[in-house]
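Structure at a glance
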Amino acid sequence: MQASQLQMLLPSPFCNRTYFFSSCNCPSLRTTIKTSVSYRRRVSNSVNGSSSSSRSTVKEEPIGDEKQKQDQPRRAYPFHEIEPRWQRYWEENRTFITPDEVDMSKPKFYILDMFPYPSGAGLHVGHPLGYTATDILARYKRMQGFNVLHPMGWDAFGLPAEQYAIETGTHPKVTTMKNIGRFRSQLKSLGLSYDWEREISTTEPDYYKWTQWIFLQLFKKGLAYQAEVPVNWCPALGTVLANEEVVNGVSERGGHPVIRKPMRQWMLKITAYADRLLKDLDDLDWPESVKEMQRNWIGRSEGAEIYFCVLDNDGHEQDINLTVYTTRPDTVFGATYLVVAPEHALLSSLVTDAQRKSVEEFKELASRKSEFERTELQKEKTGVFSGSYARNPANGEAIPIWVADYVLGSYGTGAIMAVPAHDSRDHEFALKYDIQVRRVVIPDDKSQSNSAKSYSGEGLVVNSSNLASGLNINGLDIMEAASKVIDWAESTGHGKRKVNFKLRDWLFARQRYWGEPFPVIFLDDTGEIVPLPESDLPITLPELDDFSPTGTGEPPLAKAVSWVKTTDPISGKPATRETNTMPQWAGSCWYYLRFMDPKNSKTLVDKTKEMYWSPVDVYVGGAEHSVLHLLYARFWHKVLYDIGVVSTKEPFQCLINQGIILGEVEYRACRDSEGKLVSADSADELGEHHQERVPEEKVMKSGDFFVLKDDPSIRLFARAHKMSKSRGNVINPDDVVSEYGADSLRLYEMFMGPFRDSKTWSTSCIEGVHRFLGRVWRLIVGAPLPNGSFKDGTVVTNNEPSLEQLRCLHKCIEKVTEEIEGTRFNTGISAMMEFINAAYKWDKQPKSVIEVFVLLLSPYAPHMAEELWARLGHSNSLAYEHFPRANPEYLKDPKVVLPVQINGKTRGTIQVEEECLEEDAFKLASLDVKLSKYLVGKTIKKRIYVPGKILNVILDRQNVEVGRR
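Residues numbered from 1 in each chain as written. Predicted model: local features only at pLDDT ≥ 70, side-chain atom pairs only at ≥ 80, totals over all residues. Heavy atoms only, no water.

What follows is about the environment of Pro846. Locating Pro846 in the fold gives a position in the loop between α26 (825-839) and α27 (847-857). The contact partners of Pro846, leaving out residues within four places of it in the chain, are Thr797, Asn799, Pro801 and Gln805. (Helix = DSSP H or I, 4+ residues; strand = E, 2+ residues; numbered from the N terminus. Contact = heavy atoms within 4.5 Å.)

On the basis of which strands lie adjacent, the open sheet formed by 4 strands has the order β23-β22-β25-β24 and antiparallel pairing. With one partner strand each, in any of the chains shown, β23 (529-531) and β24 (565-567) form the two edges of the open sheet. Neighbouring strand axes in the sheet, compared pairwise and without regard to direction, differ in orientation by 45 degrees on average. (Pairing = 2+ DSSP bridges. Axes fitted to C-alpha atoms, helices over the stretch in contact; angles between N-to-C directions.)

Burial within helix α23 (residues 742-751) is extensive, with 10 of its 10 residues counted as buried. The set of residues buried in α23 consists of Ala742, Asp743, Ser744, Leu745, Arg746, Leu747, Tyr748, Glu749, Met750 and Phe751. (Buried < 20%, exposed > 50% of the residue type's maximum accessible area, 1.4 Å probe, protein only.)

Turning next to helix α12 (residues 356-366). Taken together, the buried positions of α12 are Val359, Phe362 and Ala366. The buried residues of α12 occupy an angular sector of 65 degrees when the element is viewed end-on, so they sit on one face. The exposed set on the far side of α12, more than 90 degrees from its buried face, consists of Lys357 and Leu365. (Arc of directions from axis to C-beta.)

Moving on: the packing of aromatic side chains. Considering all chains together, one arrives at 50 aromatic pairs under this definition. Between Tyr619 and Phe652, the aromatic rings sit 4.0 Å apart at their centres with planes inclined by 15 degrees, giving stacked as the arrangement. Of the two residues, Tyr619 is situated in strand β26 (residues 618-621) and Phe652 in the loop between α20 (628-642) and β27 (655-657); the sequence distance between them amounts to 33 residues. There is no split in this pair, since Tyr619 and Phe652 are both buried. An aromatic cluster is defined as three or more aromatic residues linked by ring pairs; in this entry it consists of Phe215, Phe219, Trp266, Tyr273, Trp506, Phe508, Phe518, Trp585, Tyr632, Phe635 and Trp636. Directly above the aromatic system of Trp196 lies the positively charged group of Lys188, at a separation of 5.5 Å from the ring centroid. Sitting above the plane of the Phe705 ring, Arg715 keeps its charged end 3.6 Å from the centroid. (Phe/Tyr/Trp six-rings, centres within 6.5 Å; stacked < 30°, edge-to-face > 60°. Lys NZ or Arg CZ within 6 Å of the ring centre and 35° of its normal.)

We now examine the sheet that holds β26. With respect to topology, 4 strands assemble into an open sheet ordered β2-β1-β26-β27, the strand pairing being parallel. In the strand order of this sheet, the two ends are held by β2 (147-149) and β27, each with one partner. The average angle at which neighbouring strand axes cross in this sheet is 20 degrees, direction not considered. The pairing of strand β1 (residues 108-113) with β26 spans 3 bridges and is parallel. Considered in β26, the bridge of Asp113 is made with Val620.

Cis geometry marks the peptide bond from Leu537 to Pro538, where omega comes out at 5 degrees. Along the polypeptide, Pro538 turns up in the loop between β23 and α16 (561-564). Residue Pro615 is bonded to the preceding Ser614 through a cis peptide linkage, with omega at -10 degrees. In this structure, Pro615 sits in the loop between α19 (607-613) and β26. The backbone phi angle of Arg94 is positive, close to 50 degrees, even though this residue is not glycine. Inspection of the secondary structure assignment puts Arg94 in the loop between α4 (79-92) and β1.

The biggest cluster of nonpolar side chains holds 96 residues, and the ones touching the most others in it are Trp761, Met832 and Phe835. A per-element tally of this core places helix α24 (residues 766-781) first, with 9 residues. Counting residues in hydrophobic clusters, the runner-up holds 86 residues, among them Trp266, Ile539, Leu593 and Val605. (Core = buried A, V, L, I, M, F, W, Y, C linked by side-chain atoms within 4.5 Å.)

If you trace the backbone, His124 turns up in the loop between β1 and α5 (128-143). Polar side-chain contacts of His124 include one of 2.8 Å to the backbone nitrogen of Gly126. In contact with His124, other than residues within four places in its own chain, are Met723, Val730, Ile731 and Pro733. (Polar contact = N/O pair within 3.5 Å; in protein donor to acceptor, adjacent residues only side chain to side chain.)

The subject of this paragraph is the packing of α27 against helix α28 (residues 862-871). In the contact formed by α27 and α28, the axes pass within 8 Å of each other and the chain directions differ by 155 degrees. The orientation of α27 with respect to α28, classified from their angle, is roughly antiparallel. Taken as a pair, α27 and α28 cross one another with a handedness that is left-handed. Two secondary-structure elements touch here, α27 through Glu851, Val854, Leu855 and Leu857 and α28 through Met864, Ala865, Leu868 and Trp869. (Parallel < 35°, antiparallel > 145°, perpendicular 65-115°, else oblique. Left-handed = near helix turned anticlockwise from the far one by under 90°.)

The next point concerns the side chain of Asn179. Along the chain, the position of Asn179 falls in helix α7 (residues 172-189). A distance of 3.2 Å separates a polar side-chain atom of Asn179 from the backbone oxygen of Pro118. Non-local contacts of Asn179, meaning those with residues more than four positions away in its chain, are made with Pro118, Ser119 and Gly120.

This is how it looks when you write it as structure tokens:
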């Protein structure tokens, strides 16, 4: 939609900002900004932590009659009456409840938002972006006759509630329920059509009973086991953290130091499903970027395990083999040293007495780094010599064994053969520690045969022959050489072919109170792990008053002594409960299944219902969950598929990642060391400078940049940031709903830009969408009465619509339908705006046309649509009315562009009816300014006319020549 088409609807130009730069600094929007002062102050209070009750104490805010006068122009329609009324109606009439026993003959549509965590901060305006989109799709599908499942629930276990409990002494359940209540009320205020009777929370025993049941099935299949593994241990938080919860060696929450230490942990053998997790990605309708991230995380590679025999001090082979995994066996002759991870199981037997102190010190330093820090390419590689050597089986050379932190004990065998000529990390390490570099692969064109850099590409193998070992791969390309090395290793006992994965088994335990208890016990006399009977589930959390870490590494549950000490229900022997709890991921791995059958106390999900509703048709959420949550959920689903609980191989058929909404654009000016303002484009050249925030009202647009109004020579920095409390740029949707209504918020978030793209919030720009809804209201209901209220009913007529009106309507139907199906909601709204622009030019508003438009509007602005539908004379909700379908007969363009030729040369075009007669076409051409100069005063020899295709006028040549002279 062009800006010129929006002039009647919106401030000009209407703001559709994305990312960092704004285009809203125009005079018409300045008026909007001024009329929104009281709203902005309230938003500011919300950001700064003021309670809603304190709004009336702001001195600058108008009160009484003055405030009512200022509010009236913004209240383009009575949303403050409409929205609460229809929300009550939907709840009282259970409008959006999906029946437990559904009509299986109808098609189904299961649309799901990613499980939200109910934090104490509540929603900000970024959250409703995805929720509104799924609601539009849910409403649209209902109106198309689908059985729609559109539920909501809470991923409510986790560290934040526990930390708040430690700080305040408030039980996590109290905090969680309070937060859930706030989230629920905020979501309901947006008019979202969730089936609230299916609401679930991971913290409810009726729910986590089945999370525990799934764990028991994993245990029975050998997919859940205990192992002592190196973990990210945070002493201050008293818990193990996942890699993604550690940033630069400190906890993401609280910034506490994190160390690596071995601990007994529950592990889930997700690696057993690595091949299937990889292969089945191909059949999913997911963004290719997400699938690629999962492929990289799984990291399948084909290579070889090669055995390097460790040597003693005299150079004799010991009975110790160091197994390495390599994807480049073709480079085995170029291996000039080995590297083992600091946590390698054989390290203690490899280290010589002379090097032991250095190695222990290095291990301590490495334990303080996360796996990401250790493997980050930009980080300087560090290591220490173990003092030992091993024999390269390919050439018989004794090569040194080093300990380095860029090798992980959790990947491959925890040891590598280092080939510095053909691996950038090995090359950097070798140069730093003066280790030999031997080139064994050269490009076909020999362009890098003498290069000082490492080369990891394809080419021919050189320097790779040894009579004693019987291996010669010189002159082969790297693929042939690799295959030959593997065959040689298997035939001589020096190694074997191996498929490896980057994917590690899932660390599935946390030293926290607020999580699902494990349904297992340990017999006191033998330590044997005993799964509890399924009839004993759920194993509920004991009540605790103190949730703080024990200080010993034991989880907080260890404090519940009477709960921890128990007996084996089968043998009666004394036993001890597991005091770790499951991670927050557990409950969110399978919640989509429970929504299908949330009240079932006998089984996780009824098979008939699961077969009908599975898989989730559309799953919407942030890209930050592209790997772990989705990978874990897919793993659990495949296990459940194997044991016959679910009927599909994958849980989520279509995945959509919505973009994020950034905070409002911040404008900043620069001052030099003397305190003088300097332009942003020269600030870097001037050296040190100080930035200060500039209020929006002091800023104006100048070309592609923003400048100070008072001094346009001062260019400003303009940037939007992710919403956060620390930046003070969080916008509370409650304030927006109070000021403009939920329909305006819904419509604005969909109109800001493409759904999948990030965009920048603008409080001032929402006014434009609000005014559009006001125009819709006035078109159908009529102008307001002198007191500002509106009369009952509508101003529509029973007139038969004209052909032009029907064409306008059906073009709108086609566009809106097409754009909803493609989740291009912003362009669907543009189509409705164009329709309203056209409708304002009509003398009459035919009821049959307006009713159809109201149905088109309803998924986007459901409160207004319901109210208009009722005013149009309907007694029932429109939620299940048939969504309009475009009639192809009205989509044909009545006019065609007809090329006009003079003596065979195209001189212009005219617009004609498709069935236009030749004489009428010629008359239109004669009246055209551009074409008439070729025809006036000329003798026409003949005309060639093909209807709808071309008009060719042949002039008398003699007349043409006379005309020229």
